Amino acid sequence: MCGYIIPDKPELKIKEYQQFRAYYCGLCKSISKHYGQIPRYTLSYDCVFLGLFLSAVFSRDKDTSIARCITKPFQKMSVISDNLILEYAASVNVILTYYKVKDDFKDGGAFKAAPIIPLLYPAYRKARKKAHDLDNYTNFYLSELSILEDQACDSIDAAAQPFANLLEKIFSWEGLSLDEETRKALEEFGYNIGKWLYTIDALDDIAEDIKANNYNPIVRQFYNGPNDLNSFKEYIRDDVGFVINYSLKKACEAYESLEIKSNKSIIDNIIYGGMYKKTNEILNKEIML
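Residues numbered from 1 in each chain as written. Predicted model: local features only at pLDDT ≥ 70, side-chain atom pairs only at ≥ 80, totals over all residues. Heavy atoms only, no water.

Novice: Which parts of the structure should I look at to understand the pattern of salt bridges?
Specialist: A side chain of one charge can pair with a side chain of the opposite charge if their charged atoms are brought near each other. Inspection of the entire model under this criterion finds twelve salt bridges. Between Asp8 and Lys277 there is a salt bridge whose closest N-O contact spans 3.1 Å. Here the residue Asp8 occupies a position in the segment before α1 (14-35), and Lys277 occupies one in helix α12 (residues 264-283), the gap between them amounting to 269 residues. Classification of Asp8 by relative accessible area gives buried; the value is 8%. Ionic pairing is found between Arg237 and Asp238, a salt bridge with its closest N-O pair at 3.5 Å. In this structure Arg237 comes out as exposed when scored by relative accessible area, which is 53%. Taking the relative accessible area as the measure of exposure, Asp238 reaches 44% and is therefore partly exposed. Residues joined in a network through salt bridges with shared partners are Lys249, Lys250 and Glu253. (Salt bridge = Lys/Arg side-chain N within 4 Å of Asp/Glu carboxyl O. Helix = DSSP H or I, 4+ residues; strand = E, 2+ residues; numbered from the N terminus. Buried < 20%, exposed > 50% of the residue type's maximum accessible area, 1.4 Å probe, protein only.)

Quick look at the structure:
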């Protein structure tokens with residue numbers, strides 16, 4: 001995913017941050033166990049949140065172990081032991097990273113992406129076999145997104161739809177037993193998280209995309225050239241700001257309807273602290289052209 005779902009670290013208690021790191025390290029080790037060493041370097045905070053969040057919804061207790069980190073071999077740390085949910089988050093991390101690198105190659109980033117694709121392909125092939133349904137709907141929705149990009153879609157709502165649909169499927173994973181009420185809440189949560197992620201990523205890349213003449217739905221919908229930059233900034237503050245904040249608000253409403261069985265203070269910190277801070281940071285980011 002995009003790496004925007006992060007905790008507000010200064011507001012976390014020490015034990016909460018240590019627990020978050022235990023999930024981070026647990027997912028890293030799960031990726032290593034199931035897919036090898038190279039994909040560990042693609043570990044996304046968004047997928048750490050996925051593992052933490054689904055664990056909080058479906059089970060109260062998680063086993064931990066003490067292990068050493070590959071980047072800090074002399075330091076012991078607490079690690080969430082590999083389990084069904086972390087294995088799923090590892091598959092999501094590998095599959096989404098592979099498709100992202102392929103998309104970067106398509107968008108003209110061949111110099112950077114070409115050497116990475118063959119390095120990630122063996123892990124992707126394993127993940128595709130292990131999580132066939134996940135790969136199928138990832139391919140389907142990202143293909144829909146690619147079509148919209150090729151058509152230079154000039155609606156941020158329409159462009160965000162496929163990624164929102166993909167995250168709706170990812171967060172309501174069929175590998176876990178779900179009652180109908182929980183499934184609907186997870187679908188609503190995932191959909192709005194996906195729309196928030198896609199829009200915030202597009203907003204963050206505006207200056208770079210204008211300079212490189214890359215597709216960006218916000219640019220296509222609102223940008224009329226450098227002479228109209230002030231109006232463009234107003235559109236971002238009002239129209240794009242509304243989409244981002246409304247998506248986050250709807251995700252919060254879905255979250256509040258769920259029974260959170262563990263680590264609620266950490267998830268509260270990420271959703272109400274880290275994600276809102278990231279929203280304000282990128283909305284207020286100066287556009288330097």
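Novice: Explain the environment of Pro226 here, please?
Specialist: Checked against the element boundaries, Pro226 lands in the loop between α10 (217-222) and α11 (229-256). Residue Pro226 is classed as exposed on the basis of its relative accessible area of 63%. Taking the C-alpha atoms as reference, Pro226 lies 28 Å from Gln161; in sequence the two are 65 residues apart.

Novice: Before we go on, may I ask you to explain the packing of aromatic side chains in this structure?
Specialist: In this description, a pair of aromatic rings is defined by centroid distance and the angle of the planes. This model, assessed by the stated rule, comprises 21 aromatic pairs. A centroid spacing of 6.3 Å and a plane angle of 80° characterise the contact between Tyr98 and Tyr99, whose relative ring orientation is edge-to-face. With a relative accessible area of 7%, Tyr98 lands in the buried category. With a centroid separation of 4.2 Å and 10° between ring planes, the pair formed by Tyr98 and Tyr124 is classed as stacked. Note that Tyr98 is positioned in helix α3 (residues 84-106) and Tyr124 in helix α5 (residues 116-130), a separation of 26 residues in sequence. The exposure class assigned to Tyr124 is buried, which follows from its relative accessible area of 6%. (Phe/Tyr/Trp six-rings, centres within 6.5 Å; stacked < 30°, edge-to-face > 60°.)

Novice: Just to check I follow, could you spell out unusual backbone geometry for this structure?
Specialist: Most peptide bonds adopt trans geometry, and most residues besides glycine take a negative phi value. Unusually for a residue other than glycine, Asn213 sits at a positive phi of about 60°. Mapped onto the fold, Asn213 is located in the loop between α9 (206-212) and α10. Although it is not a glycine, Asn263 sits at a positive phi angle of roughly 55°. Mapped onto the elements of the fold, Asn263 is located in the loop between α11 and α12.

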